[in-house]
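# Working through the structure, step by step
One letter stands for each residue in the lines below.
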Amino acid sequence: MIQDIAPYVLDNQYTPDLPNKDSFLLCFHGNEVLINISDDQIVFPRLKDLESMEENLQEGCTYLFSINSQSFYLANNIANSPGTGFTMANVEIFRTAQPQYLAFAGITAFQIFSWYQTRRFCGRCGKPMKHHDKERMMFCSECGLQEYPKLSPAVIVGIVDGNKLLMSRYSGRNYKKYALIAGFAEVGETIEETVKREVMEEVGLKVKNIRYYKSQPWAFSSTLLFGFYADLDGAKDITLDRNELEFAEWFNREDIPVCDTAISLTNEMIMRFRENKE
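Please read these numbers as outputs of a predicted model, since none were measured by experiment.

What follows deals with the packing of aromatic side chains. By the definition in use, this model includes 17 aromatic pairs. With a centroid separation of 5.1 Å and 25° between ring planes, the pair formed by Phe28 and Phe113 is classed as stacked. Here Phe113 lies in helix α2 (residues 100-117) and Phe28 lies in strand β3 (residues 28-29), a separation of 85 residues in the sequence. The two residues Phe28 and Phe113 agree in class, both being buried. Taken together, the ring pairs connect Phe24, Phe44, Phe65, Phe72 and Phe94 into an aromatic cluster. Its end group placed over the ring of Phe247, Arg169 keeps NZ or CZ at 4.7 Å from the ring centre. In this structure, Arg253 packs its charged tip against the face of Phe273, placed 4.0 Å from the ring centre.

Next comes the structure, spelled out in structure tokens:
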């Protein structure tokens, strides 16, 4: 999966240190990132590549994290860099680009950038928020509100009926490949209750023997995914929620198409069932 970057190690503990000339700078504008990519290989700019673009660039950077002692920073207000060899590209590039540890760094940085963008003003009193000087936290000096990075818990469910797995496709999305039943947890429910509710809402089925498989941070939607397999409980007739899904059907294990990417928990779970490892 995209976060499996060994032997590289992500260290996301916040530090207020300023970048050095070799620090990577992540520069976002909307859903685009400043990058150089050739043959699907990522190159991020370093401070030394961009410091001539803006006065006092170093002081305007925000620490993100490090990977194997290489530091990454968020650089604001840089969307164009003529003459540097870097251009803007949609962050979806991180789904396929290599090396994987830099793709993971890029989309994780985008998640933090998106959180900062939505925490510029206090949600309680409307005053400008400030960054804490010792941890990754935004606070309001007027009313004292504190905000930490947001994660949305969600489930991925592989519904099993003997040698069959329920496969689906989302409705109204650009992503048209096969998926599993998925949905966000609601206030007041356990993750296991989320599994049962989402399955009933999206395909009208009951499940039992819910068993946890694995989790995944999915920065594309600021989500923490929890993967489960569950056995069909009762009738297998599908009642499709067409607001959420355009397709859902039972697939025999041997008929499941091979996924061409290994970055997502969904695809790993599908392939695990196909290979009779579940």
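Split into domains, the protein comes out as domain 1 (10-118) and domain 2 (152-275). When each unit is reduced to the centre of its C-alpha atoms, the spacing between domain 1 and domain 2 is 33 Å. Between domain 1 and domain 2, the contact holds 7 residues from the first and 6 residues from the second. Summing the contributions of domain 1 and of domain 2, the shared interface buries around 680 Å²; its carbon and sulfur component is 67%.

The rules behind these values
- Residues numbered from 1 in each chain as written.
- Predicted model: local features only at pLDDT ≥ 70, side-chain atom pairs only at ≥ 80, totals over all residues.
- Heavy atoms only, no water.
- Phe/Tyr/Trp six-rings, centres within 6.5 Å; stacked < 30°, edge-to-face > 60°.
- Helix = DSSP H or I, 4+ residues; strand = E, 2+ residues; numbered from the N terminus.
- Buried < 20%, exposed > 50% of the residue type's maximum accessible area, 1.4 Å probe, protein only.
- Lys NZ or Arg CZ within 6 Å of the ring centre and 35° of its normal.
- Domains from an automatic or database assignment.
- Contact = heavy atoms within 4.5 Å.
- Buried area = accessible area lost by both parts, 1.4 Å probe.

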